[in-house]
Amino acid sequence: MIMEIIVGRKGQQHTAITDLSVSREHCKLTSNSDGTYTLENLSANGTYVDGRSIVRSVVTADTIIQLGATF
C-alpha cells in the first residue's frame, strides 16, 4: 500500500512543527514498495537531504532531512 503525507506547519504529520521557516505544506513524503520513501520539496524555503538542497530524492529511515532551520 502506497502512503503519502504532507509535512509542514499545517501538514498531516502527528507532531506539530512551529518553526516559521517551515512552510505550511513544506514537502511530500511517499512510501515506495521497496521500503524507501520519495521526498519531494514543495517549499520556496527548500528541503535538504544530507545537507544538499533537493527537488525530489529517495530517502530511508536513516536519512537526515532538514526543513528550513529544523532537522
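Residues numbered from 1 in each chain as written. Predicted model: local features only at pLDDT ≥ 70, side-chain atom pairs only at ≥ 80, totals over all residues. Heavy atoms only, no water.

### Structural notes on the sheet that holds strand β5 (residues 52-54)
Sheet architecture is open: three strands sit in the order β5-β4-β7, paired in antiparallel fashion. At either margin of the open sheet sits one strand with a lone partner, and together these are β5 and β7 (65-67). Direction aside, neighbouring strands of the sheet carry axes that sit 35° apart on average. As paired elements, strand β4 (residues 47-49) and β5 share three bridges and run antiparallel to each other. Paired with Tyr48 across the bridge in β5 is Ser53. (Pairing = 2+ DSSP bridges. Helix = DSSP H or I, 4+ residues; strand = E, 2+ residues; numbered from the N terminus. Axes fitted to C-alpha atoms, helices over the stretch in contact; angles between N-to-C directions.)

### Brief notes about the pairing of strand β2 (residues 27-31)
As judged from the four bridges shared by strand β1 (residues 4-7) and β2, these two strands associate in the antiparallel manner. Bridging across to β2, Val7 finds its partner in Cys27. The pairing of β2 with strand β3 (residues 37-41) spans five bridges and is classified as antiparallel. Within β3, the position partnered with Ser31 by the bridge is Tyr37. Between β2 and β3, which pair antiparallel and follow one another directly, the connecting turn spans five residues, one of which, Gly35, has a positive phi of 95°.

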